[in-house]
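Listed below are the residues making up each chain.
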Amino acid sequence: MDETLVLEEYSEEKHDLIVDLLTNVFDGWPKIDIDVSSVDYWKWKYLKNPLEKRNICYYIDDRIVACSHRIPKKCIIRDLEFYANQGADAAVDPAYRGRGLWNNLRDLHDLIDQRNGINFSYFITGNQIIIDKFNKSPQYQRIPHKLIPLVRIIDVDKHLKIMPMDNPEIVKIGYRMISAIQKTIYPSKKKTIETEYVKLQDINLNPFWEKIKTQYDFIFEKTQHYLEWRYSSEIANYDFVISKKEDEITGILVLLINRYRNDYPIGYILECLTAPDDTESMTSLLHEANKYFDKENVNIIQLLSINQKMVKCARENGYVVAPIDIHAYIQQKESTDSVNIEKLTTLYFSWGDHDSLPIGLKN
Ligand SMILES: CC(C)(COP(=O)(O)OP(=O)(O)OC[C@H]1O[C@@H](n2cnc3c(N)ncnc32)[C@H](O)[C@@H]1OP(=O)(O)O)[C@@H](O)C(=O)NCCC(=O)NCCS
């Protein structure tokens, strides 16, 4: 290892240099049309987390040449609350790759996790080097439940013109065929539950969260406090819809239009959270999401789910499963009372649980 390279845990004042590296490595960062600078976004994401734990590491030479982050979170697994974290924004300057920097950053992350009492980490990646490394390392376990990306596209030709893919004719025919078949197998259902646009600060989601959290056997925390940070109005223009039955909240929808590419806005359903079996609320919220994005002329909507009931509701609302294999892994440290992820059946995952958003339809 080069003598001049120093591995460090985050100290104040280094954020500009970290953001410079992320911007160079990812050709722009964070690729969301945020209302703040990239540096303020980084500070929100990594320093203002409501759990007040940090795990940020980097290598410094004459500048920062490698960095990696973990976002602390709480997750509920079978009624038990765990501190967890999510791996995020790992980047190594191309000139320094293949020299073990990322491996060493992960070792330091693990030491910091030990100090913070965090025994459980979670990663989503599309990077083949990371996928290969995790697949061969026994401490990482691929989540055996499939994360299902769904899309609803109004005009496939327009999409392929703006975001070209290999074999566009096949993609086009495939999408149209699946949509047509789905319309017969999954006819659309009527909206039966009342929905209402709200401001997060005007409602209290905690009673709803307390009611549903134990109905899932794996879910990341979604308290009012967490959601107010995750969907802070200072960062981006999120919109919130709740579903209600007899004045009681039965679900929440979080919507975002990403105008990072101003010629092609992309719609995201960041959360569609209801009780796991409450298909009436799911359907009604998805109806509202479609109406919202259609009004804004958004051609593509992206949704992520792991719950088959939600997938069925999405299909009834015109969504198609995208042919993308999402690689999600967990890492459990030795001292954890082992959580047997294979035995968990009712899980919740959303794009809001991921730290970045897909732009196109490729892996
Ligand atoms: C992925 C990335 C962080 C790896 O960083 P790195 O410092 O080069 O990785 P390391 O040198 O520590 O190598 C880690 C492992 O990957 C393997 N590896 C590294 N580069 C490789 C390559 N180009 N091809 C195949 N294997 C490779 C190494 O052999 C090593 O395996 P081992 O520990 O079993 O020997 C870096 O390539 C990167 O910044 N990529 C672009 C940004 C990105 O996509 N980040 C991930 C977002 S999810």
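Residues numbered from 1 in each chain as written. Predicted model: local features only at pLDDT ≥ 70, side-chain atom pairs only at ≥ 80, totals over all residues.

Asks: Report on helix α9 (residues 279-295), specifying residues and quantitative values.
Replies: The end-to-end C-alpha separation of α9 is 24 Å, in line with the 24 Å expected for 17 residues at 1.5 Å each. All of the buried residues along α9 are Ser-281, Met-282, Thr-283, Ser-284, Leu-285, Leu-286, His-287, Glu-288, Ala-289 and Phe-293. Elements that come into contact with the buried residues of α9 comprise β8 (194-198), β10 (239-245), β11 (248-258), β12 (266-274), β13 (300-305) and α10 (308-316). Count one or two residues on from α9 and you reach Asn-297, which has phi positive near 55°. (Helix = DSSP H or I, 4+ residues; strand = E, 2+ residues; numbered from the N terminus. Expected span 1.5 Å × (residues − 1). Buried ≥ 20, exposed ≤ 12 C-beta atoms within 10 Å, placed from the backbone. Contact = placed C-beta atoms within 7 Å.)

Asks: If you had to explain the site of the ligand to someone new, which residues and values would you point to?
Replies: Close to the ligand lie 16 residues, the nearest being Val-92, Arg-97, Leu-101, Trp-102 and Asn-103. Mapped onto the shell around the ligand, the elements with two or more residues apiece are β4 (80-92), α3 (101-116) and α4 (128-136). Its residues placed into classes, the shell around the ligand shows eight nonpolar, five polar and three charged. (Near = placed C-beta within 6 Å. Nonpolar A, V, L, I, M, F, W, Y, C, P; charged D, E, K, R; others polar.)

Asks: If you had to explain the sheet that holds strand β14 (residues 320-321) to someone new, which residues and values would you point to?
Replies: The strand order across the open sheet formed by seven strands is β8-β10-β11-β12-β13-β7-β14, and the pairing between neighbours is mixed. Since the sheet does not close on itself, it has two edges, and those belong to β8 and β14, each with one partner. Across the sheet, α10 is in contact with β7 (148-153), β12 and β13; its angle to β13 comes to roughly 160°. (Pairing = 2+ DSSP bridges. Axes fitted to C-alpha atoms, helices over the stretch in contact; angles between N-to-C directions.)

Asks: Just give me the short version of the domain arrangement of the protein, but keep the residues and values in it.
Replies: Entries for the protein in the domain assignment read domain 1 (6-118) and domain 2 (148-327 + 340-351). Put simply, the middle of domain 1 and the middle of domain 2, counted by C-alpha atoms, are 27 Å apart. Taken together, the 18 residues of domain 1 in the interface contact 18 residues of domain 2. Of all the elements in the fold, those that place two or more residues in the side of domain 1 that touches domain 2 are α2 (38-47) and β3 (64-77). With five residues, β3 is the largest single contributor of residues to the side of domain 1 that touches domain 2. When its residues are assigned to classes, the side of domain 1 that touches domain 2 shows nine nonpolar, one polar and eight charged. (Domains from an automatic or database assignment.)

Asks: Can you lay out the pairing of β12 for me, pointing to particular residues and giving the numbers?
Replies: Burial within β12 is extensive, with nine of its nine residues counted as buried. Relative to β12, β11 runs antiparallel, the two sharing eight bridges. Bridge assignment links Ile-252 to a residue of β12, and that residue is Leu-273. Both β12 and β13 contribute to a ladder of four bridges, which runs parallel. Counted as the bridge partner of Tyr-268 is Gln-302 from β13.

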